[in-house]
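# A look at the structure
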There are 2 protein chains.
Amino acid sequence: MASLSDIAVSAAINCLSAVLFLVAFAILRLQPINDRVYFPKWYLKGIRDSPTSSGTYVKKFVNLDVKMYLKFLNWMPAALRMPEPELIEHAGLDSAVYVRIYLLGLKIFCPITLLAFGVLVPVNYTGENFEEMSANMKDLTYNDIDKLSISNVAPGSKRLYAHILMAYVFTLWTCYALFNEYRIVTKMRLHFLANEKRRPDQFTVLVRNVPPDDDESISEHVEHFFCVNHPDHYLSHQVVYNANALADMVIMKKTLQNWLTYYSNKFERNPNKRPTTKTGFWGLWGKNVDAIDFYTQQIETLTKEEEAERERVLNDATAIVPTAFVSFRSRWGAAVCAQTQQSNNPTIWLTDWAPEPRDVYWDNLRIPYVELKLRRLLMAFALFGLTFCFMVPIAFVQTLANIESIQKVFPFLKPLIELESVKAIIQGYLPGIILKIFLILLPTIIMTMSKIEGFIALSTLETRSAGKYYLFLLVNVFLGSIITGTALQQLQGFLNQSPTMIPQTVGVSIPMKATFFITYVMVDGWSGIAAEILRLVPLVIFHLKNTFLVKTEKDREQAMDPGSLTWAISEPRIQLYFLLGLVYSAVTPVLLPFIIVFFAFSYMVFRHQIINVYDQKYESGATFWPDVHRRIIIGLMISQFLFLGLLNTKKASNATYFLIPLPIMTFWFFRVCKGRFESQFKKFPLEDAMKKDTLEKATEPGLNLKMYLQDAYVHPVFKGAIEFERPRVVDEEENSPLVLTKRSFHRHGKQGGTSEDRMGISETSKGGSKAGPRVITAQDKLLTSKPPRLRRASQICGPLKQGYNFELRTFSHSFTESQNRIGTEFP
Amino acid sequence: MASLSDIAVSAAINCLSAVLFLVAFAILRLQPINDRVYFPKWYLKGIRDSPTSSGTYVKKFVNLDVKMYLKFLNWMPAALRMPEPELIEHAGLDSAVYVRIYLLGLKIFCPITLLAFGVLVPVNYTGENFEEMSANMKDLTYNDIDKLSISNVAPGSKRLYAHILMAYVFTLWTCYALFNEYRIVTKMRLHFLANEKRRPDQFTVLVRNVPPDDDESISEHVEHFFCVNHPDHYLSHQVVYNANALADMVIMKKTLQNWLTYYSNKFERNPNKRPTTKTGFWGLWGKNVDAIDFYTQQIETLTKEEEAERERVLNDATAIVPTAFVSFRSRWGAAVCAQTQQSNNPTIWLTDWAPEPRDVYWDNLRIPYVELKLRRLLMAFALFGLTFCFMVPIAFVQTLANIESIQKVFPFLKPLIELESVKAIIQGYLPGIILKIFLILLPTIIMTMSKIEGFIALSTLETRSAGKYYLFLLVNVFLGSIITGTALQQLQGFLNQSPTMIPQTVGVSIPMKATFFITYVMVDGWSGIAAEILRLVPLVIFHLKNTFLVKTEKDREQAMDPGSLTWAISEPRIQLYFLLGLVYSAVTPVLLPFIIVFFAFSYMVFRHQIINVYDQKYESGATFWPDVHRRIIIGLMISQFLFLGLLNTKKASNATYFLIPLPIMTFWFFRVCKGRFESQFKKFPLEDAMKKDTLEKATEPGLNLKMYLQDAYVHPVFKGAIEFERPRVVDEEENSPLVLTKRSFHRHGKQGGTSEDRMGISETSKGGSKAGPRVITAQDKLLTSKPPRLRRASQICGPLKQGYNFELRTFSHSFTESQNRIGTEFP
């Protein structure tokens, strides 16, 4: 066991590295040249313009204002200053609720820490178990941290009742905080949904497994079915093309275009020499050719192929998958269709809410029911294998990657390898590196598994991946750190033990691992979060792109990578901290302050990030909250079982009986919460749908919904390659007639599209322009024909960018009440 | 272990008792006086008239036709002769599917038995394990049954692969049979639902937890809510009164009336002496009074009280519970409301399909959401207690009921008790009798628990009780017989064992218990079923009632107790036989023929009973099938785990690995079936609803649905005490205008009501006649105004009762195609 001074050293190192990251961040973010790395969100919102357009030449790249450096921690209060309603408006409900998870951590653990330090630490410290034991055993070593943990209480001591009491208090408090938070988030969600602007997915249902029909095409069959079974509500539908090959071509073309740009830039800078490339893979081998000609010709070929493929898909009946987006005249009609069963065969005509258009994962729409079931089964086995046998393939690769095999495959390396020092490095570090590589690849593997499972929305993919990753962390990081041996060995051990022995086996090791987890919190938590804010990888990539690929402002915009909250990875990690905090709260309270620092620091960092950096790919309205809630309760129950096992070994079996109601009560609490709140995150009640419909009918009697929805769910490749990454819906949302957001005045497109495109006159956009431009036109018509009293909140001040200070005014439908003028200072 | 000859003796005894029961049944059922006990169904259908109305006086009571006695087993082919479609028409889908469970048993076990006897019995018999062992151990005893079981195969023998292979074959066959049966039952159900006549529950949704409103009464609030949120579909609603006290009074009055009839009859037979009674409990003590006067006066008082209570309930706003039956214009509207969430608070406005009016359990409609959750929690604990600690209270009562306590409570019994023989009987048999009493009470206890849980339909109550009873049987009969000790001790044992040890512990005892279970099958299965057909208790009660209470033909009808399938008890028992068959199929195949005899015999008996006796209280359309399917799969998986454990002890651990995929595959099969079929038993798809609506609209454009539904869901006590046990819905169904069933021509009421009442002119019926008679009138009007071409199938031949032979013609909407003329011979 590490001593207190070891911990202190580790803390010092980690604090230092965290501070270093922060200082680096503080300096880098002040440089105008990095502005697009650290404040991309404002660019996307159109509130900031490129810093290159003003000031002297040097000032464009380096910030020379010394005063700014002195206030280098200013971002912290700035991040905390934005009030929550505005945050929701600015970054979406998902992000706003995400940072609330950290806040919830603080709410749960601050009082618990105070109580634990007030009650348990004195009880443990005066327990004198170690002193007695060391009197008997000379070679027993113990340190101050051990003296503060439950290990210092003698077995069978009456002091253990204090721990039991505290376990109850902690559980009650946690449940109270959880319930309260669930209530608040539910309220936020309902408020958000009630005030949400018109979106195509509110009217649309995704129908899967349309059965084949001998006489009718899929499109006709869908139309007839819904005309018959939802006669008063059916509006229109959109068939789905299997355009996966086409989408690949579009991506390929983009890569080629990047290379072309790169070589053109190179040629421009050095007009004397035409750049050359090799025709092989990644330009590494093959014939030497003129690069610009080569790529121009490649792009031309691909464009032709793309056109042909586009034609083929649009005209080939077999390219239509048995899936359709069916739109209804009202939200009520859509809600009814999404929540009911259509056919008496439950494997056909499966209806569910359509995801947001930008949230659709198009590749999976073609999978039929039976295949889906098989895929889920296979992935269940794969997940089991991944979790419990993940060491097996690694060990296999590690054995393969020994010196002999390397010599066999690359005989020319032989002299190098046989050097003693190189040999040592390979033998010593290679296994570790392979493990590290695997761990880095893990999120990708898990996401691929979720994709294979066939989910059809990015949000679902992320949620499912988070569940898998959580299981992995729980088994391999938490249990794996406590008990040595691989997960498979653990599993075998558990199967051959009595079920009551498992918590005992694990529980006993818990106090001994406290110092390890303290170090883990500092390394993974503190330094990791500090690294997050520094954004080293996007910084490097941006500058690389900026140097080699950027020609126009538009290119620079594309080079900007704001990223988004990586839900599938971040959330399970937070859960690990919840688990650690809950497990150690009654055992070794010394761990708690470290957890609190993690939550507080993360809260600030992520609040800063969602305000200034991240650009979410979709908006689910916090549908993930039931998962968060459930996992915290799982953590709570694990902590209770382990504490039970620990107390059993403390010869306090009588006292143990007092603890048995605890997990039962907790489980009941979970059931109660589920009954009370969960459906608010899964279903859209008819009452709310009717309210929105009625309001809309009253305020916009002339709305042409059919036109509004016409191309909302067209596969992005048919909207023209130029608009590929920016589906139309966002434009539509911005043009929503009732309330105009500021965004519509500043810019209309994020990536791609000429300025005409962005203004909604995209008649020139290529391919699949089935209905593209018409929507905008209809919108515009509606805009201009609107009665004046509905055009509130449409006066928006421009981006008053004066010396990096500007005023931010929020005008939103949802928060018109809170039109406070907030002067947020940005350096 | 019992030897083969022991088994033979036991089989002989049980066969004898079964045959005795059958002979007694054959003789008793031929007596006209018992006709109403053994053929009540035909009386209820109006096809048979009372035998007392024809023939000579003696012939009215005793059958003198000797030839009839010779053909005493004739009922068996007669029971099998009725084709299934007709059976569904005659007895309902629930009953028809119920006997299919026995048929499924035959389908599963006949091929398994053949295979097991063809393959496993020779393999076991030549295993010679016992011969080897007995060569080593002199005192080892074994018998022929043991030689046929897996115990005769030496540990580690290659022969065990035959068992493993057979385990796979058996599982595959069982799954195939299960899947096939699920498919057939689903088809039957869909066909049944599609052809079902108009019923109020097709249009009605039960709304629970109507939130209180300051300004509106519950009725107004319901109306407004549904007018707003289902504007095109809402038709009407019916509030629910808390009339539990009133219902008690009605039952009480009925009892008093019975007593009055009893004494009037007594007086009529012996007009010289006015009968007297005592005023105390059950007439056992108290003042002696004139019985007829006493009961007349009591009834008068109660009638007044009843009237007052009825007035109070109808006028008191607090007597209205926050629950309502909401009816819609179409089945589509009702299906939508039942399947969707209404409010964003999932604890209010809870909607679900309304049960059939006769299926409603009125007492539970008043329970609010939170109370319901608490009740469920409490009952979960109670069920756990009942299952695992059920010996505790019995042991407690047994200790209380010893000689000393009896002496204390009843000192006057002292001299009697102190006789040696009496003492011995009390000490020897009392504990056994107490256990027996408890086991007899068990179904009632379980049903009470389900009632406390707050389910609102009789069908749900039965389904839930069946689940509880199954758990009880599984733990206390199956596991309890295999492992000695109470369930609680077993549980403790299991908790302290490793999970892989449990199947081993149980599995080892399995072959040793084969002879016990063979005896169990014969006693509980064979003799029990034979006793079922004899109907001894209803026989005695009918004759008692017939002697003392019957005055008119109507009274005789009321005295008749056809009974119904006791789903909550019978189904779990069948499941026990499935479990035994599956567990022993690969271990001791000798058990299988006994199981097959049970299934075949039960199939015949229950087919006879549902044709001739039972009168179902409700028709759920076989919604119970998913439960049956699930429990058989649970049995299958239990058998697999136990076989795995058994093989482990056979030192065939390598072979064991082959068995591991078996339970996983089985579970996956369960999931597949669930996905494929289950929703067809839970939800009513919109497509089907729309079809029925459209058909109805086309055939009956002038239907006044509002009037049809007006009093369908009125609490039975408000329909007038006379109609208490015969809710109107059955009449309405009979008057359904499209197709007239034969029933409407023969009789209209089953119990109660004068003949005028039955003809639908019930203007004279007392109290709560809010809308009672109007419905019938409207129906009649519709009947007469119907265009002639719709009045098909309305010619029905009367009951041609000639020498007990009559022709039965079926005319039904559902089976008009199969208008085969079936001459069913009834002795």
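Okay, so let's go over this structure.

### Here we look at the overall build of chain A
Each helix and strand counted, chain A has 36 helices and 6 strands in total. Excluding contacts between residues fewer than 6 apart, the proportion of contacts in chain A whose partners are at least 24 apart in sequence is 80%. Carbon and sulfur atoms make up 63% of the accessible area of chain A, which totals about 36900 Å².

### Focus: the interface of chain A and chain B
Contacts between the two partners involve 44 residues from chain A and, on the opposite side, 44 residues from chain B. Counting each side, the surface lost to burial between chain A and chain B is near 3700 Å², with a carbon and sulfur contribution of 59%. Linking chain A to chain B there are 18 residue pairs in polar contact (both at pLDDT 80 or more). Those elements that place two or more of their residues in the side of chain A that touches chain B are helix H11 (218-229), helix H14 (331-339), helix H15 (369-388), helix H21 (487-495), helix H30 (661-682) and helix H31 (686-699) of chain A. If you tally residues by element for the side of chain A that touches chain B, the top one is H30(A), at 7 residues. Taken together, the residues of the side of chain A that touches chain B sort by class into 21 nonpolar, 18 polar and 5 charged.

### Let's talk about the sheet that holds strand E2 (residues 234-241) of chain B
Residue and element names in this part refer to chain B. Taken in spatial order, the 4 strands make up an open sheet running E2-E5-E1-E6, and their pairing is antiparallel. Strand pairing shows two members of the sheet lacking a second neighbour, E2 and strand E6 (350-353), which therefore form its edges. On average, each strand axis in the sheet is tilted by 30° relative to the strand beside it, whichever way the strands run. Strand contacts of helix H14 (residues 331-339): strand E1 (204-208), strand E5 (320-328) and E6, with the helix running at about 130° to E6, the strand carrying the most contacts.

### Re the pattern of salt bridges
Applying the stated criterion across every chain, the model contains 42 salt bridges over all chains. Between A:Asp693 and A:Arg331 there is a salt bridge whose closest N-O contact spans 3.3 Å. Residue A:Asp693 is found in helix H31, and its partner A:Arg331 is found in helix H14; the two are separated by 362 residues along the sequence. A relative accessible area of 5% places A:Asp693 in the buried class. The exposure class assigned to A:Arg331 is buried, which follows from its relative accessible area of 3%. Across the pair B:Arg358 and B:Glu356 runs a salt bridge, and its minimum N-O distance is 2.8 Å. Assessed through its relative accessible area of 4%, B:Glu356 is described here as buried. One salt-bridge network, held together by shared partners, links A:Glu196, A:Arg199, A:Asp201, A:Glu356 and A:Arg358.

### Comments concerning the relation of the copies chain A and chain B
Note on the copies: chain A fits chain B at an RMSD of 0.1 Å, the axial shift is 0.0 Å, and the rotation between them is 179°. In symmetry terms, the pair is related by a two-fold rotation axis. Looking at chain A, 100% of its interface residues are interface residues in chain B too, so the copies touch through the same face.

### Regarding the side chain of A:Asn14
Residue and element names in this part refer to chain A. Tracing the sequence through the fold places asparagine 14 in helix H1 (residues 4-30). Classification of asparagine 14 as buried rests on a relative accessible area of 8%. Those residues in contact with asparagine 14 that sit more than four places away from it in its chain are Met522, Val523 and Ser527.

### Focus: helix H12 (residues 244-269) of chain A
Residues and elements named next belong to chain A. In a regular helix each residue adds 1.5 Å, so 26 residues correspond to 38 Å; H12 covers 38 Å between its end C-alpha atoms and thus fits that length. Where H12 is concerned, the buried positions are Asn244, Leu246, Ala247, Met249, Val250, Lys253, Leu256, Leu260, Thr261, Tyr263, Ser264 and Asn265. On its buried face, H12 is in contact with strand E3 (276-278), helix H13 (291-315) and helix H24 (536-548).

### Examining the environment of B:Asn180
Here B:Asn180 is to be found in helix H10 (residues 160-195). A C-alpha to C-alpha distance of 9.8 Å links B:Asn180 and B:Leu104, two positions 76 residues apart in sequence.

### Section: the pairing of E5(B)
Residue and element names in this part refer to chain B. Taking burial as the measure, the 9 residues of E5 include 8 buried ones, the bulk of the element. One ladder, built from 4 bridges, connects E1 with E5; its direction is antiparallel. When the bridges of E5 are listed, leucine 206 appears paired with phenylalanine 325. In terms of strand pairing, E2 meets E5 through 7 bridges, oriented antiparallel. The partner of valine 239 across the bridge, within E5, is alanine 324.

### What to know about the packing of aromatic side chains
The way to describe two aromatic rings as a pair is by their centre distance and the angle between their planes. Residues and elements named next belong to chain A. Evaluation of the coordinates by the stated rule reveals 78 aromatic pairs over all chains. Aromatic pair phenylalanine 294 and tyrosine 295: ring centres 5.1 Å apart, planes at 75°, arrangement edge-to-face. Like phenylalanine 294, the residue tyrosine 295 is buried in the burial classification. These aromatic residues form a ring-pair network of at least three members: Tyr98, Tyr102, Phe109, Trp567, Tyr577, Phe578, Phe598, Phe599, Phe606 and Phe624. The ring of tyrosine 708 has arginine 198 lying over it, and the distance from NZ or CZ to the ring centre is 5.0 Å.

### Comments concerning the pairing of E1(B)
Residues and elements named next belong to chain B. When you tally the buried positions in E1, you get 5 out of 5 residues, the bulk of the element. The alternating pattern of E1 places Thr204, Leu206 and Arg208 and Val205 and Val207 on opposite faces, both of which are buried. Here E1 pairs with E6 via 4 bridges, running antiparallel. Along E6, the bridge assignment pairs valine 205 with tryptophan 353.

### A look at a nonpolar patch on the surface
Residues and elements named next belong to chain A. Residues Leu536, Val537, Val540, Ile541, Leu544 and Phe548 make up a contiguous nonpolar surface patch of about 530 Å² in total accessible area. Inspection of the secondary structure assignment puts valine 537 in helix H24. Judged by relative accessible area, which is 57%, valine 537 ranks as exposed.

### Quick word on the sheet that holds strand E1 (residues 204-208) of chain A
Residues and elements named next belong to chain A. On the basis of which strands lie adjacent, the open sheet formed by 4 strands has the order E2-E5-E1-E6 and antiparallel pairing. Unpaired on one side and paired on the other, strand E2 (234-241) and strand E6 (350-353) mark the two borders of the sheet. Direction aside, the axes of adjacent strands within the sheet are offset by 30° on average.

Reading the values: the criteria
Residues numbered from 1 in each chain as written. Chains lettered and ligands numbered in written order. Predicted model: local features only at pLDDT ≥ 70, side-chain atom pairs only at ≥ 80, totals over all residues. Heavy atoms only, no water. Helix = DSSP H or I, 4+ residues; strand = E, 2+ residues; numbered from the N terminus. Contact = heavy atoms within 4.5 Å. Areas by Shrake-Rupley, 256 points an atom, 1.4 Å probe, with all protein chains shown as cover. Buried area = accessible area lost by both parts, 1.4 Å probe. Polar contact = N/O pair within 3.5 Å; in protein donor to acceptor, adjacent residues only side chain to side chain. Nonpolar A, V, L, I, M, F, W, Y, C, P; charged D, E, K, R; others polar. Pairing = 2+ DSSP bridges. Axes fitted to C-alpha atoms, helices over the stretch in contact; angles between N-to-C directions. Salt bridge = Lys/Arg side-chain N within 4 Å of Asp/Glu carboxyl O. Buried < 20%, exposed > 50% of the residue type's maximum accessible area, 1.4 Å probe, protein only. Least-squares fit on C-alpha atoms with pLDDT ≥ 70 in both. Expected span 1.5 Å × (residues − 1). Phe/Tyr/Trp six-rings, centres within 6.5 Å; stacked < 30°, edge-to-face > 60°. Lys NZ or Arg CZ within 6 Å of the ring centre and 35° of its normal. Patch = residues over 30% accessible without salt bridge, like charges linked within 9 Å, V, L, I, M, F, W, Y side chains within 5 Å.

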